[in-house]
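Fold and contact review
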Amino acid sequence: MLKSKTFVKKTRSGGVLKIVREHYLRDDIWCGCVGCSTCLQENPVLQSEPVMESALCDKPHYILPDTNVLLHQIDILEDPVIQNVIVLQTVLQEVRSRSAPVYKRIKDVISKPEKHFYTFTNEHHRETYIEREQGESANDRNDRAIRIAVKWYNAHLKKDSGDVLQAILITNDRRNKEKAVEAGITAYTCEEYIKSLIANPELVDRLACISDEQHEIESGRILFLEHIPLSRLQQGIKSGTYLQGTFRASRDNYLEATVWIHGDAEENKEIIIQGLRNLNRAIHEDIVAVEMLAKDQWMAPSSIILQDEGQNEDDMENEEEKEKLLKSTASKSMLKPSGRVVGIIKRNWRPYCGMLSKSQIKEATKHLFTPADRRIPRIRIETRQASVLEGQRIIVAIDGWPRNSRYPNGHFVRSLGTAGDKETETEVLLLEHDVPHQPFSQVVLSFLPKMPWSITEKDMKHREDLRHLYVCSVDPPGCTDIDDALHCHNLENGNLEVGVHIADVSYFIRPGNALDQESENRGTTVYLCEKRIDMVPDLLSSNLCSLRSDGDRLAFSCIWEINYNAEILNTKFTKSVIRSKASLTYAEAQMRIDSTSMNDDITKSLRGLNKLAKILKKRRIDKGALTLSSPEVRFHMDSETHDPIDLQTKELRETNSMVEEFMLLANVSVAEKIYNEFSECALLRKHPAPPLSNYDILVKAAKSKDLEIKIDSAKALADSLDKAECSSFPYLNTLLRILATRCMMQAVYFCSGMDSDFHHYGLASPIYTHFTSPIRRYSDIIVHRLLAAAIGADCTYPELMDKHKLAEICKNLNYRHKMAQYSQRASVAFHTQLFFKSKGIVSEEGYILFVRKNAIVVLIPKFGLEGTVFFEQKDMPKPKLFYNDEIPTLTVEDVCFYMFDKVKVKITLDASNIQHQKIRMALVEPQIPGFNVPKQKYANGEPEQKKCKMDS
Amino acid sequence: MAGLELLSDQGYRLDGRKAVELRKIRARMGVFAQADGSAYIEQGNTKALAVVYGPHEIRGSRSKALHDRAVVNCQYSMATFSTGERKRRPHGDRKSSEMTLHLKQTFEAAILTQLYPRSQIDIYVQILQADGGNYCACVNAATLAIMDAGIPMRDYVCACSTGFIEDTPLVDLSYIEEAAGGPQLALALLPKSEQIALLEMNSRLHEDHLEKVLDAASKACRDVYAVLDRVVRDHVQEVCTLLGE
């Protein structure tokens, strides 16, 4: 079964260490072709008649890419057109050590059966294994191994199928290709081959343009200094000549960036880089090495806004002028530590969304691409379909940035659709926020229960039958993924029984399978204005798991015995079967509670719950829980076009807080239970107390209105917020609460074994977790599994008990939640724009939320809209500004702006840049001479440079 | 660099074996003339030498003697040149004392000690080259040496280590696989009766996986048995021809 040959491999690691490894060569590694008679394989992957029509090679053939082709042209290989590819183990291993993301992608491609990619383990095949020769570099050896493998394939295919099939080497290395041709192997460069593909001309655009090293110098002047190689950078970082940090490009000025230095050095934490040459081809998010400049060359962060708009690629003179502009504006006192980028430690490129700016020359094939993210430089791509792509949102990947090029080179990946379209823009915002939103794959769907599904006897075994209870759910209108339901009834002993029933999602999603992995990766359901990106497939989220009132549903119940003072006497957790008696909206539930005529069981149960909730809430607030506020709005959508026609601030009823109260109670009870049972690996949620300095702005702002906010504890803060009222200004309290929300820290998931601080500041609870929404949060699924294991209703599995794995999951969940939040805000911003587009120009009243050095931030409660009014413009005479940090106030000419002042602004949509449409605000009241927008004359031209920052 | 891929998607390990395949085993019995029994074994790059004396009278203090069975005395050591770096290894360090104890337990279970009351059997094993699975190589070598000495045993004692990586049990771990730090299980089995002479595990393994790993380990031990049995039969045949029968 195994013919083995033992031999010795030597490697060096650190010092000189001889490592002896065995290397078995086998003759049971098969070629992977369907219909091969010599190989005894079970599941051949490669088709016997590969169809890829190439002008270069008329016979059916397989292609074998070498390492560099795989690394750089992965976009092409991922295309569905490319099939029947043989990936050698040598190539795969080289890719693995050189680029983890590409390795992941090629592994995904290999696992897709319809792509017919086969991995040939050539290093362990008796006939294709070669030893490194004397004086041969590792790269040369690998190239030779690849050529030998291609040769073997050709001989093997010939023997088996006559002269019909062929294997072709694809390599971009000229020497490798020459040697291959010498050895009688058909070899093409990737470009040659892709161009020769009949019927697929569009693939050419996706070729990455890697210029050969030797060609690089020949054209044009060198614009940038050379990057210092990694080994010397590391030496430099160790000795302190260079500093390592994350490169963050400026949003407003393409010639400026900051580098956040890693480590905990006190000074020079943040280094300013200015000017194209100093930026030296670093791109946002790269890890770079910087060299500090001498003190006399230090620069100040500029306040001007510069956008890269030049079409001509080589006008460096122009750039230099602009750079001068930067310097002249700097004043002595503002100078900050400055530096220049000397080398790149790690690129963090990803595919970017954006739009094509077509070249002015009609026949040109090279065009510039402007990414949606302003921190990314423009990218030069080569395409022949520029006229088609113009006006579309497209995705482009960067391939490299040669020293003689003003812009990085890239290639077109795919098109998303027409810019400005609702679907396209939604796609863009999902992509930019890294939200997985593809439809669920077949593998994932295969783990869904088969329909029609019903509860069987086996399911009932570990479950309590609670179908007789009067359970009902209370949710916002139009909600289809109902994951919680409640009940309450009197017990014989005079106490109350209250139950919270949560959809039993963990029953359907079993640990480890594809469905579980997919939902773990998604982490959360993302709610956009008109769309929901589900975490679990629709069948589960809106049918089997949704606790609708039309049938029996599996649930995980948390049942308390509570007395009339809302003291918990007894807690019980059980898996159960329930039948919801009614799915109510908040308004309907409120109506039932208030109605005097209704006295059915559901209404009684609701009233009982409501009464208890009030006591619970009061107790919680007494303990110091915060009631915060944020301006949230809801769009009314046109039912046909799905355009927003009106917006409305969210209304809060008693029933909202009733449901919330019991969910909090369930979460706390579950958190205690799982922590007691699994002290090392419970998934909990904490909310750290913010540092006191965060509250500065809140305290100052309140003082300016003669109110006092105490911040020494959560309780003091909550109390002082309650007291902070002003009879003449009822909205002030909400404003203060909005401001307080901005001072808070993010709540995060964590694993109890990895942290010691469990406190939840906002809820004033010593321990907390998420249990109540397993349909839309993965954290809750984990908590369900832990709780099920704790009560013996389900078995554990290894990953659940592994605190490091759990910590990893938490990290992903925190990231996904943050991104979901950002994309929600971006979606609201986009819909606000649509709304104002249809509405035209509006004047509205708002309040000043913040005062900045040269601007005020205005909140318009009616729309929940926040925008900035700038007082300095490019083409306008500067008004006299005086900023007082202590109060804080901003005096413009004679008008003094305090925080919370009422102002009137004009809102318009600026669609001049189709990629960055924005809401502009202009001041109408109070009057500032020479600055205001005239009250009536709306039609007359654009207002001044105003910018709305929605995603702060 | 991103660590080593211990098991590729195609199911091959670093050295080209599949998950359930053993390394190549080569063994010889009767390598020394002075000792009562001796054997040498190679399991891939792990090489071990075992020497057996006895049964003979108790040496040293007589108080150690057991009236109803023989005393099994083991000693495990590693040659200074057995690893990549030359290292002096004094006797009686923690690691080798533990190994000694394990060997003792294993063979007390396998040798029919009640046949030799008040006597002693000495087993000396030395690792000449270490490349993972040291305990297992020692057990296998000692089994052959005991047979060479003609001491009756219940059955062969066959040992094999098993790791658990990426939800797959890997059999007969090499040094790099051991160094990766996953759970590792060493099993010494009496293959005919499938009785376990010794089972040792280090690092944590979830109990759901234990059965899977144990199955793989006992399958591997039976594979080892097949090889050892072949060696013994060949050796006996050779001896017979030499004796001219």
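Because the structure is predicted, anything quoted here is derived from the model rather than measured.

1. Concerning the overall build of chain B
- In terms of regular secondary structure, chain B is built from four helices and nine strands.
- Each helix (α) and strand (β) of chain B, taken in turn from the N terminus, gives the series β-β-β-β-α-β-α-β-β-α-β-β-α.
- Burial analysis of chain B (245 residues in total) assigns 50% to the buried set.
- Just so you have it, chain B exposes about 12,100 Å², and 50% of that area is on carbon and sulfur atoms.

2. Considerations on the overall build of chain A
- Counting its regular elements, chain A contains 25 helices and 35 strands.
- Each of the 952 residues in chain A was classed as buried or not, and the buried ones make up 52%.
- For chain A, contacts bridging at least 24 residues in sequence account for 67% of all contacts bridging at least 6.

3. Some details on the pairing of strand S2 (residues 37-43) of chain B
All names here are of chain B.
- Extensive coverage of S2 is indicated by the burial of seven of its seven residues.
- Bridge count for S2 against strand S3 (residues 46-57) is seven bridges, and the pairing is antiparallel. Among the inter-strand pairings, Ile-41 is bridged to a residue of S3, identified as Ala-48.
- Hairpin connection, S2 to S3: the antiparallel pair is bridged by two residues, and Gly-44 has positive phi, about 60°.

4. Side note on the packing of helix H24 (residues 778-790) of chain A against helix H25 (residues 803-839) of chain A
All names here are of chain A.
- Following both chains from N to C, one finds H24 and H25 inclined at 155°, their axes separated by 10 Å at the closest point. By the criterion of interaxial angle, the relationship of H24 to H25 is roughly antiparallel. Between H24, through Tyr-778, Ser-779 and Ile-782, and H25, the contact on the second element is made entirely by Leu-806, Ile-809 and Leu-813.
- Each residue belonging to the contact of H24 with H25 can be placed in one class, and the counts come to five nonpolar, one polar and no charged.

5. Quick word on H25(A)
All names here are of chain A.
- End to end, H25 covers 53 Å across 37 residues, agreeing with the expected 54 Å (1.5 Å per residue, within 8%).
- Residue Asp-802 occupies the N-cap position of H25, its side-chain oxygen lying 3.0 Å from the main-chain nitrogen of His-804.
- Looking one or two places after H25, you find Gly-840, whose phi comes out positive at around 80°.

6. Focus on the sheet that holds S3(B)
Residue and element names in this part refer to chain B.
- Pairing is mixed across the open sheet formed by five strands, whose spatial order is S1-S2-S3-S5-S4. For this open sheet the edge positions go to strand S1 (25-29) and strand S4 (71-78), each flanked by a neighbour on one side alone. Averaged over all pairs of adjacent strands, the angle between their axes in this sheet comes to 15°, without regard to strand direction.
- Inspection of the sheet shows S4 paired to strand S5 (residues 119-129) by eight bridges, in the parallel sense. Counterpart to Val-72 in the pairing with S5 is Ile-121.
- Helix H2 (residues 134-149) contacts S1, S2, S3, S4 and S5 of the sheet and is inclined by roughly 145° relative to S2.

7. Considerations on the interface of chain A and chain B
- The interface of chain A with chain B comprises 25 residues on the first partner and 27 residues on the second.
- Across the interface of chain A and chain B, roughly 2,200 Å² is buried in total on both sides, 47% from carbon and sulfur atoms.
- Counting the surface chain A buries against chain B, the share from its top three residues, A:Glu22, A:Tyr24 and A:Arg96, is 26%.
- Viewed at the interface, chain B and chain A are joined by two salt bridges.
- The partner of A:Arg26 in a salt bridge is B:Glu21, with the nearest N and O atoms 2.8 Å apart.

8. Considerations on the pattern of salt bridges
- Taken as a whole and judged by the stated rule, the model has 52 salt bridges over all chains.
- Salt-bridge contacts for A:Asp75 lead to A:Arg105; the nearest nitrogen and oxygen are separated by 2.6 Å. Here A:Asp75, found in helix H2 (residues 74-77), pairs with A:Arg105, found in helix H4 (residues 100-111); they are 30 residues apart in sequence, far enough to count as distant.
- B:Glu57 is the partner of B:Arg62 in a salt bridge, and the nearest nitrogen-oxygen pair spans 3.3 Å.
- Residues participating in the shared-partner salt-bridge network are A:Asp465, A:Arg467, A:Asp552 and A:Arg579.

9. Quick notes on the environment of A:Asp600
Residues and elements named next belong to chain A.
- Its location among the elements puts Asp-600 in the loop between helix H18 (586-594) and helix H19 (601-623).
- Judged by its relative accessible area of 29%, Asp-600 falls in the partly exposed class.
- In this structure the side chain of Asp-600 is engaged in a polar contact, spanning 3.1 Å, whose partner is the side chain of Arg-592.

10. Overview of the sheet that holds strand S33 (residues 895-898) of chain A
Residues and elements named next belong to chain A.
- With respect to topology, three strands assemble into an open sheet ordered S31-S32-S33, the strand pairing being antiparallel. The sheet is open, and its two edges are formed by strand S31 (881-884) and S33, each paired on a single side. Averaged over all pairs of adjacent strands, the angle between their axes in this sheet comes to 15°, without regard to strand direction.
- Here four bridges tie strand S32 (residues 889-892) to S33, and the two strands are oriented antiparallel to one another. For Leu-890, the partnering residue across the bridge sits in S33 and is Phe-897.

11. Section: the environment of A:Ile860
Residues and elements named next belong to chain A.
- Take Ile-860: it is sitting in strand S29 (residues 855-860).
- Residues Ile-860 and Tyr-847, spaced 13 residues apart in sequence, show a C-alpha to C-alpha distance of 6.5 Å.
- Sequence-distant contacts of Ile-860, defined by excluding residues within four places in its chain, comprise Glu-844, Glu-845, Gly-846, Leu-865, Val-905, Ile-907 and Met-921.

12. Section: the packing of H2(B) against helix H4 (residues 207-243) of chain B
Residue and element names in this part refer to chain B.
- Direction vectors running N to C along H2 and H4 enclose 30°, while the axes themselves pass 11 Å from each other. Classified by the interaxial angle, the pair formed by H2 and H4 is roughly parallel. In this structure, H2 meets H4 at a crossing whose hand is right-handed. Counted together, Asn-140, Leu-144, Met-147 and Asp-148 of H2 and Val-224, Leu-228, Val-231, Val-232 and His-235 of H4 form the full contact between these two elements.
- Grouping the constituent residues of the contact of H2 with H4 by class yields six nonpolar, two polar and one charged.

13. Section: the nonpolar core
- Counting 88 residues, the largest nonpolar core has A:Leu540, A:Trp560, A:Leu606, A:Met658, A:Phe662 and A:Ile782 as its most contacted members.
- Apart from the residues within four sequence positions on either side, A:Leu606 is in contact with A:Cys472, A:Val474, A:Leu584, A:Ala589, A:Arg592, A:Ile593 and A:Met658.
- Core analysis: the next-biggest nonpolar cluster, separate from the first, contains 60 residues, B:Ala39, B:Ala110, B:Ala217 and B:Leu228 among them.

14. Some words on unusual backbone geometry
- The omega torsion of the bond from B:Gly54 to B:Pro55 falls at 0°, within 30 degrees of zero and hence cis.
- Relative to the assigned elements, B:Pro55 resides in strand S3.
- Positioned with a positive phi, A:Ala764 is a non-glycine residue whose angle comes to about 55°.
- Checked against the element boundaries, A:Ala764 lands in the loop between strand S27 (748-751) and H24.
- Using a relative accessible area of 11% as the deciding quantity, one classes A:Ala764 as buried.

15. What about the packing of aromatic side chains?
All names here are of chain A.
- Scanning the entire structure with this criterion turns up twelve aromatic pairs over all chains.
- Measuring from centroid to centroid gives 5.0 Å for Phe-120 and Trp-152, while their planes differ by 20°, and the two rings are stacked. In this pair, Phe-120 sits in strand S3 (residues 117-120) while Trp-152 sits in helix H5 (residues 138-161), placing the two residues 32 residues apart along the sequence. No difference in accessibility class separates Phe-120 from Trp-152, as the two residues are buried.
- Geometrically, the ring pair formed by Phe-835 and Phe-836 is edge-to-face, given 5.3 Å between the ring centres and 75° between the ring planes. Judged on exposure class, the residue Phe-835 and its partner Phe-836 are both buried.
- An aromatic cluster of at least three residues, connected via ring pairs, comprises Phe-120, Trp-152 and Tyr-153.
- Here the guanidinium or amino end of Arg-685 rests over the ring plane of Tyr-749, the centre of that ring lying 4.6 Å away.
- One Lys or Arg, Lys-686, reaches over the ring of Phe-750 and ends 5.3 Å from the middle of that ring.

16. Some remarks on the confidence of the model for chain B
- Averaged over every residue, the pLDDT of chain B is 91; residues scoring 70 or more account for 98%.
- Ranking the elements of chain B by mean pLDDT puts helix H3 (residues 175-179) of chain B last with 88 and H2(B) first with 96.

17. Re the confidence of the model for chain A
Residue and element names in this part refer to chain A.
- When pLDDT is averaged across chain A, the result is 80; 86% of the residues are at 70 or more.
- With pLDDT under 50 throughout, residues 212-218 is counted as low confidence; its partners more than four residues away or in other chains account for seven contacts.
- When the criterion is pLDDT under 50, residues 311-315 qualifies, and its contacts beyond four places in sequence or with other chains add up to nine contacts.

18. Some details on helix H22 (residues 714-723) of chain A
- Here H22(A) has its buried residues at A:Ala714, A:Ala716, A:Leu717, A:Ala718, A:Ser720 and A:Leu721.
- Buried-residue contacts for H22(A) involve helix H21 (696-704) and helix H23 (732-743) of chain A.

19. Re the state of the cysteines
Residue and element names in this part refer to chain B.
- By the definition in use, this model includes zero disulfides over all chains.
- With no disulfide of its own, Cys-74 lies 9.9 Å from the sulfur of Cys-138, the closest cysteine sulfur.
- Take Cys-74: its relative accessible area is 6%, and that puts it in the buried class.

Rules of the game
Residues numbered from 1 in each chain as written. Chains lettered and ligands numbered in written order. Predicted model: local features only at pLDDT ≥ 70, side-chain atom pairs only at ≥ 80, totals over all residues. Heavy atoms only, no water. Helix = DSSP H or I, 4+ residues; strand = E, 2+ residues; numbered from the N terminus. Buried < 20%, exposed > 50% of the residue type's maximum accessible area, 1.4 Å probe, protein only. Areas by Shrake-Rupley, 256 points an atom, 1.4 Å probe, with all protein chains shown as cover. Contact = heavy atoms within 4.5 Å. Pairing = 2+ DSSP bridges. Axes fitted to C-alpha atoms, helices over the stretch in contact; angles between N-to-C directions. Parallel < 35°, antiparallel > 145°, perpendicular 65-115°, else oblique. Nonpolar A, V, L, I, M, F, W, Y, C, P; charged D, E, K, R; others polar. Expected span 1.5 Å × (residues − 1). Polar contact = N/O pair within 3.5 Å; in protein donor to acceptor, adjacent residues only side chain to side chain. Buried area = accessible area lost by both parts, 1.4 Å probe. Salt bridge = Lys/Arg side-chain N within 4 Å of Asp/Glu carboxyl O. Left-handed = near helix turned anticlockwise from the far one by under 90°. Core = buried A, V, L, I, M, F, W, Y, C linked by side-chain atoms within 4.5 Å. Phe/Tyr/Trp six-rings, centres within 6.5 Å; stacked < 30°, edge-to-face > 60°. Lys NZ or Arg CZ within 6 Å of the ring centre and 35° of its normal. pLDDT = per-residue confidence, 0-100. Disulfide = S-S within 2.5 Å.

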